[in-house]
Amino acid sequence: MRKITVTILATLITVTLFGQTSMSFYHLGRETFQNNSLNPAWVPRGSLFIGLPVLSGIHLHVNNALSYNDAFTKENNSVLLDRDKILSNIKNQNLVSGHANISLFHVGYKFPAGAFISFFANERVEADLLFPKELLEVGIDGNDPLLGDKVKIGNVGLMASHFREIGIGYAYSVNGQIDFGIRAKYLMGFTNASVPGNARANITTNADFFQMDVDLQNAQLRTAGIDILNGDEGDLGSHLVSSGNTGFAIDIGGEYKLNRYYSISGSLLDLGWINWNTNVVNQTLTDTTFTYSGVNLDGVGDLVDALEDSLFNKFDATETNETYKTWLPVRAYGSWIYHYDQSMDFYASVGARYIQGQLKLLYGGGVTRRFGKIATLSGSALKLPQQFFNVGAAFTVNGGPVQFYMAADQVINFSAPDFKAFDFRFGINLRFRERDTGLRSNSSLARSKGFGKSSNDGTLDGPKGIDSGSFLGKKVKNKKRDEIYSIIPRQKKPDVDTGGSPKKKVEPNSPAGTSPPKPFYKRSINQRDDIKPKKRKKKKVIKKSLTGRHKN
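Residues numbered from 1 in each chain as written. Predicted model: local features only at pLDDT ≥ 70, side-chain atom pairs only at ≥ 80, totals over all residues. Heavy atoms only, no water.

Caption draft 1: Broad picture of the pairing of strand E17 (residues 330-341). Two elements, strand E12 (residues 262-276) and E17, share eight bridges in a ladder whose sense is antiparallel. Of the residues in E17, the one forming a bridge with Ser-263 is Ile-337. In this structure, E17 lies alongside strand E18 (residues 344-355), joined through 11 bridges in antiparallel fashion. Each residue of the ladder has a partner; that of Trp-336, found in E18, is Ala-348. (Pairing = 2+ DSSP bridges. Helix = DSSP H or I, 4+ residues; strand = E, 2+ residues; numbered from the N terminus.)

In structure tokens, the structure reads:
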């Protein structure tokens, strides 16, 4: 058990992963079912959504504070860990983090009224290690630089879990202006290793005897399912189907349409916990004093052995089997969205992750361009913690009911020796689109025509007089909708008031009723005043004389 713990901690310290992820994928907005997991208020475009096991979603994330060239150096054809490089590149407070997410299944349906309901299941592995720079300095340099000094080490925490989430989601648009969504998730935990975030240590080095005095507080390592994972206890297959470690979490999100051009959106994810009850082993370190002078960092294997012999064997641990609870690290996203036209959106976004009392941020801007129903492309400029600005990209391609998507952060200046960060998603979804019911809310034509309320998939109900079911002031029934046009039944020609005497009612079978109507030319009052009366031709008058002859 102790050997496994030492190996995990030493590997994490050597790799030093970091952070929050998937900003490029987040900027795709409503284009995929998976975006609903980043903001539950975002209803994907379509009507029916089906996920394929594993193929519909694979997400891998690595973000290094140290590249290979930042941690290792070549000397006499040998590769050695470089102490100076490591200490110059880490920060005062460090978060080691790595995630993997695999989609097991999903089904979603959007009702004609606009409500959206979904069912889903995901397999998740997450690991986070918090440690200050002083802890690594003591581990590398030993007590030589600390003679006579007292070093306080705090904010040390570890959280590594493998769990499954099974949930249901619901989203709806309120008055076409506020979109709201929520996802409730049942959690089933399989493996956990955690250290409370309030662990503290005071280290003082005696200048005469080179003795390091360590005062520990709340130093505890809690584990669950480790022996089952190693095959030392229980049946691993049965454990992965159903375990006694259960929990609950919710995701909430919303979007508010300020006007026809701007929207703001936000979400809070993983608000929940897991109770660990199966195969629990808690190791608590008591206060102790030991001598420690550092290790020779010739490689990871040497580091593990040196830590085991010179450091971890010095601690006196007590073991218990009490159950415990862990809280999921909360994630958050927020965006200001500018709808340029029907096919283009601009994003300004921030992401955060709260882990054991520390808040880690990333931010960036992006643009999303839709190419009809065929494809969508998103590009983003990103700033991750402990990283310089980089570029991310994401896209979807639709062919009939099949949708393929891919997203990656940190896509430029990528080389293996200088590799620091990587975030990658891809998947294949089955998506069945509904017939278009109008223009999207970010359409320039919609703004110019005065379109009204929008539905929760980003489309508008249409301008007054079309979807409102009226024609020339009378209610009519729409037969069909084609883009911006409504097709209605043939309407009777309205009577036009000419301002003259009222027409007499004509019976249908009378001669007058069967004769064609006379054409009517309507003119305005001003036009009538300008009309001059036609001159009548004078008739020739023939006068008879008294003699009877005709005289002209």
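Caption draft 2: Broad picture of the pattern of salt bridges. Scanning all chains against the criterion turns up 17 salt bridges. One salt bridge connects Arg-30 with Asp-179, and the closest N-O pair in it is separated by 2.9 Å. With Arg-30 in the loop between helix H2 (23-26) and strand E1 (48-51) and Asp-179 in strand E8 (residues 178-205), this pair connects stretches of sequence that are 149 residues apart. Arg-30 sits in the buried class, given a relative accessible area of 8%. What makes Asp-179 buried here is its relative accessible area of 1%. Through salt bridges with shared partners, a single network forms among Arg-124, Glu-126, Asp-128, Glu-165, Arg-183, Lys-185, Asp-251, Asp-270, Arg-331 and Arg-353. (Salt bridge = Lys/Arg side-chain N within 4 Å of Asp/Glu carboxyl O. Buried < 20%, exposed > 50% of the residue type's maximum accessible area, 1.4 Å probe, protein only.)

Caption draft 3: Structural view of the nonpolar core. Core analysis: the biggest nonpolar cluster contains 16 residues, and Met-23, Phe-25, Tyr-26, Leu-38, Trp-42 and Tyr-333 have the highest contact counts within it. Elements supplying a minimum of two residues to this core: H2, E17 and strand E22 (402-409). It is H2 that contributes the most residues to this core, three residues altogether. Sequence-distant contacts of Phe-25, defined by excluding residues within four places in its chain, comprise Thr-32, Gln-34, Asn-35, Leu-38, Ala-394, Tyr-405, Ala-407 and Arg-425. (Core = buried A, V, L, I, M, F, W, Y, C linked by side-chain atoms within 4.5 Å. Contact = heavy atoms within 4.5 Å.)

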